[in-house]
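Structural characterization, general
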Amino acid sequence: MKILVVEDDKIIAETLADALTEQLFVVDVATDGQAGWEQAQAFNYDLILLDVMLPKLDGITLCQKLRFMNKTIPILLLTARDNSQDKIKGLDAGADDYVVKPFNLEELLARIRALLRRGNESASVIKKWGGLCLNPQSCEVSYNDKQLNLTPKEYEILNLLMHNTQRVFSCSVILDRVWDLEDTPTEDTVRAHIKGLRHKLKSVDAPTDLIETVYGLGYRLKQQKNNSPLKKSQKKNKTQPNISNKSQQNLQQSINKIWDRVKGSISERIDVVEQAVIAGKNGKLETNLQHQAQQEAHKLAGSLGTFGLAYGSDLAREIETLLTAELPINSAKNFHISKLLSTLRNEIDRYNSNIDNKQTLNQQLKYIDAKSSTETYLSYTDNFSQECKLLLILEDNLLAKKLLQEAATKKVQCILAKNSTLLTDIDAYINHDCHSHCQDLLFSANVVLLDLEIASNAEKILAKFSSQMPFLPVVVLNTQGDLSDRIKIAKLGASAYLTKELPAAQVIDVVLDIWRKNQIPGTVMIVDDDRATLEIIKHILTQWGIKAVTLNDERYFWKTLEDTVPDLLILDIEMPHFNGIDLCKVIRNDPHWNRIPVVFITAHKYPNIYNQVFAAGADDYISKPFKYSELITRVINRIKRSPSIGF
């Protein structure tokens, strides 16, 4: 089936075209209303997907013209406007359906299938012609239960013939219905595909003349005596088959591939907005740049939602609204845009990392099946820093599987610890400095789920976490739920007490709720000439939702400070060009920055250095080598008291 997409946003147009092509539709794209009108006149389409805000000819007017030209063609409108009057206007213009940007791509595809079914009631029913069977939902073709592996064009030709069994199709008509405008095939191309299709049918023992040539006219399916491809019992069965899991997986894979192709353009749009923010900070924001940034934010709101980034879409729309104001944009508004932009970048980074780690769960579940319970750790490898990371301390493989599967659906990253030697490792985790590698697997967890029945020392593990790492929430699982147990566990500092009879989904929901409450929204700028120290501190902070910006050349301190707008500074003392104490004095002398918390991390342990640091205006001082628990506790406490966070 052939679809025309009329959309001026390149990213959305490419995304729709690629997704529809993956579903084996033939897709043409027009980037303005006039081009859409000309293509609709020149070619036959089964459906038109139409944006409302178009250059040259707006979507509502185009819809009216299309409806006048063709009374039955399905038309689906896309628009960023979500109010009743606009919907009424679109539907009155002749549209069959109306989807508001940002839209869910899978939902949009479902609406397209629904509209095509209305136009051709049998479009979604499994088609049969003798032993030949075609399933439009899964795009699978078989002959007498033998699967055929067809190319997209071969499938589309066969699909065309099976949905029009009484009709003869010429090469030119097949070209029009199966190939898009960007291709330039000849009629010989059609003949070559017919030949290939016949060869594949022959390989599964189908008749050689199943696709017959009507000389001088074209091709059709070989006519049966009763002129009907369905038995009476089959005619009555109009039940629409469910979309197969394989089809859904293929769609998600295609969406991920599309994202890989367009994420560069997404980044470029964000860069334009950031240029406007920087210009605004310096009082040099011009009207043209502001308008361009506003347009890019508007496009981001639509395109991000297409990939399921609903929160990112909301952020972009809020940025768009702020940028629509008349010049000059005041410093408070510019600061707010900067914060929104930072959060938007984090959302996109999270989405990128999520795609990169889709395959990890299956590997982990296989590992559970393969390994015995004597295995100490099972690491759920991940690259992204701002998702919930759960440390599971339990030995029940069945329970672990259920929790891991549920965690994966809710994007919770997991580390599974499986035996009672954990207590020794937790001691190392808490007491060793951050350069020790003995804690690597525990290092990234920010919620603990502890089974009280794994070992006799489970309560000691809970007590140790609660006393020495109070910022790390511990959720307890137990078979019993009587009051005395609950009181004892509450005194030990658990964040929640759950019984094992609860469904895995509910357990993970509790974990997520606790994690969200413990997230620290804020940005920390770290200045140190030691790259290794920068990376370690950044890794620690990002586990708690804190954005970490690192700088290893203090000469760029002021520019980075203004671009980053941090909520807390971490400074080293000894650096090649300017020492940290002087930088702290500069901060305290500036009326705009003098309230920002400053924490020093240094190897110096001399009393006179302590005096200089605090005399310069420091809020805290941490000695190298530092403990993970000490660093995160002090930083979180300082950020919570930061005037810009507003806890």
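The structure we're discussing is the one just above.
The structure reproduced in this document is the subject of the present report. Since this is a predicted model, take the numbers as computed values, not measurements.

Quick word on the overall build of the protein chain
When its secondary structure is counted, the protein chain shows 24 helices and 22 strands. Residue burial in the protein chain is summarised as follows: out of 647 residues, 52% are buried. Considering only residue pairs separated by 6 or more positions, the protein chain has 66% of its internal contacts joining residues 24 or more positions apart.

A closer look at the sheet that holds strand E8 (residues 140–143)
Strand order across the open sheet formed by 4 strands is E6-E7-E8-E9, with antiparallel pairing between neighbours. The open sheet terminates on both sides in strands that have one partner only, identified here as strand E6 (127–129) and strand E9 (146–148). Along the sheet, successive strands turn relative to each other by an average axial angle of 25 degrees, direction set aside. Bridge count between strand E7 (residues 132–135) and E8: 4 bridges; the pairing is antiparallel. What sits directly across from Leu132, in E8, is Tyr143. Against the sheet, helix H6 (residues 152–162) contacts E6, E7 and E8, and its axis sits at roughly 105 degrees relative to E7.

Focus: helix H12 (residues 310–323)
With 14 residues, H12 should cover 20 Å at 1.5 Å per step; its first-to-last C-alpha distance of 20 Å lies within 8% of that length. Among all positions in H12, only Gly312, Ser313, Leu315, Ala316, Ile319, Glu320, Leu322 and Leu323 are buried.

Considering the packing of H6 against helix H7 (residues 171–178)
Between H6 and H7, whose axes approach to 10 Å, the crossing angle comes to 115 degrees. Between H6 and H7 lies a crossing whose hand is right-handed. Each of Lys153, Glu156, Ile157 and Leu160 in H6 lies in contact with H7, whose residues at this interface are Ile174, Arg177 and Val178. When grouped by side-chain class, the residues that make up the contact of H6 with H7 number 4 nonpolar, no polar and 3 charged.

Focus: the pattern of salt bridges
In total, this model carries 23 salt bridges according to the counting rule given. In this structure, the salt-bridge partner of Asp205 is Lys146, at a minimum N-O distance of 2.6 Å. Note that Asp205 is positioned in the loop between helix H8 (187–203) and strand E10 (211–214) and Lys146 in strand E9, a separation of 59 residues in sequence. You can call Asp205 exposed: its relative accessible area is 54%. With relative accessibility at 38%, the residue Lys146 sits in the partly exposed group. A salt bridge links Asp563 to Lys559; the shortest N-O distance between them is 2.9 Å. You can see Asp563 and its partner Lys559 sitting in helix H21 (residues 557–564), 4 residues apart, about one turn around the helix.

Looking at the environment of Val273
Assignment of secondary structure puts Val273 in helix H10 (residues 245–281). A relative accessible area of 2% means that Val273 is categorised as buried.

Some thoughts on the pairing of strand E1 (residues 2–6)
Counting buried positions along E1 yields 5 of 5 residues, so the element is predominantly enclosed. Neither face of E1 is open: one carries Lys2, Leu4 and Val6, the other Ile3 and Val5, and all of them are buried. For E1 and strand E2 (residues 26–30), the ladder comprises 5 bridges, and the chain directions are parallel. Each bridged residue has a counterpart across the sheet, and for Leu4 the counterpart in E2 is Asp28. One crossover worth recording links E1 to the parallel E2 by way of helix H1 (residues 10–22), and it is right-handed. Summarising the sheet, E1 and strand E3 (residues 47–51) pair through 4 bridges and their orientation is parallel. Pairing of Val6 across the sheet is with Leu50, part of E3.

Details of the sheet that holds strand E18 (residues 522–527)
Ordered in space as E19-E18-E20-E21-E22, the 5 strands form an open sheet in which the pairing is parallel. Each end of this open sheet is capped by a strand with a single partner; those strands are strand E19 (546–551) and strand E22 (620–623). In this sheet, adjacent strand axes meet at a mean angle of 20 degrees when their direction is disregarded. Here strand E21 (residues 598–602) runs beside E22; their pairing, made up of 4 bridges, is parallel. By the bridge assignment for E22, Ile601 is matched with Ile622. Across the sheet, helix H22 (residues 580–589) lies against strand E20 (568–571) and E21, angled at about 180 degrees from E21, the strand it touches most. In the packing of helix H23 (residues 607–615) onto the sheet, contacts are made with E21 and E22, and the angle to E22 comes to roughly 145 degrees.

What to know about the side chain of Glu212
By secondary structure assignment, the location of Glu212 is in strand E10. A polar contact is formed between the side chain of Glu212 and the side chain of Arg220, at a distance of 2.7 Å. Each residue touching Glu212, except ones within four places of it in the same chain, is listed here: Arg198, Gly218, Tyr219, Arg220, Leu221, Lys222 and Gln223.

Re the pairing of strand E15 (residues 447–451)
Within E15, 5 of the 5 residues are buried, which leaves the element mostly enclosed by the surrounding structure. Across the two faces of E15 the burial is the same, with Val447, Leu449 and Asp451 and Val448 and Leu450 all buried. As paired elements, strand E13 (residues 389–393) and E15 share 4 bridges and run parallel to each other. Paired with Leu392 across the bridge in E15 is Leu449. As judged from the 4 bridges shared by E15 and strand E16 (residues 474–478), these two strands associate in the parallel manner. Bridged to Leu450 within E16 is Val476.

A closer look at helix H2 (residues 33–42)
The set of residues buried in H2 consists of Gly33, Gly36, Trp37, Gln39 and Ala40. Projection of H2 onto a plane perpendicular to its axis shows the buried side chains occupying an angular sector of 170 degrees, all on one side. At its buried positions, H2 is contacted by E1, E2, E3 and helix H3 (59–69). Capping the start of H2 is the job of one residue whose side-chain oxygen sits 3.0 Å from the backbone nitrogen of Gln34: Asp32.

So, the environment of Ile60
By secondary structure assignment, the location of Ile60 is in helix H3. Residue contacts for Ile60: discarding those within four places in its chain leaves Val52, Leu77, Lys89, Gly90 and Ala93.

What about the packing of aromatic side chains?
If you walk through the whole model with that rule in mind, you get 2 aromatic pairs. Relative to Trp558, the ring of Phe557 lies with its centre 6.5 Å away and its plane at 50 degrees, an arrangement referred to as tilted. A centroid spacing of 4.5 Å and a plane angle of 80 degrees characterise the contact between Tyr610 and Tyr621, whose relative ring orientation is edge-to-face. Linking Tyr610 in helix H23 with Tyr621 in strand E22, this pair joins segments that are 11 residues apart in sequence.

How each quantity is defined
Residues numbered from 1 in each chain as written. Predicted model: local features only at pLDDT ≥ 70, side-chain atom pairs only at ≥ 80, totals over all residues. Heavy atoms only, no water. Helix = DSSP H or I, 4+ residues; strand = E, 2+ residues; numbered from the N terminus. Buried < 20%, exposed > 50% of the residue type's maximum accessible area, 1.4 Å probe, protein only. Contact = heavy atoms within 4.5 Å. Pairing = 2+ DSSP bridges. Axes fitted to C-alpha atoms, helices over the stretch in contact; angles between N-to-C directions. Expected span 1.5 Å × (residues − 1). Left-handed = near helix turned anticlockwise from the far one by under 90°. Nonpolar A, V, L, I, M, F, W, Y, C, P; charged D, E, K, R; others polar. Salt bridge = Lys/Arg side-chain N within 4 Å of Asp/Glu carboxyl O. Right-handed = clockwise from strand over helix to strand, strands pointing away. Polar contact = N/O pair within 3.5 Å; in protein donor to acceptor, adjacent residues only side chain to side chain. Arc of directions from axis to C-beta. Phe/Tyr/Trp six-rings, centres within 6.5 Å; stacked < 30°, edge-to-face > 60°.

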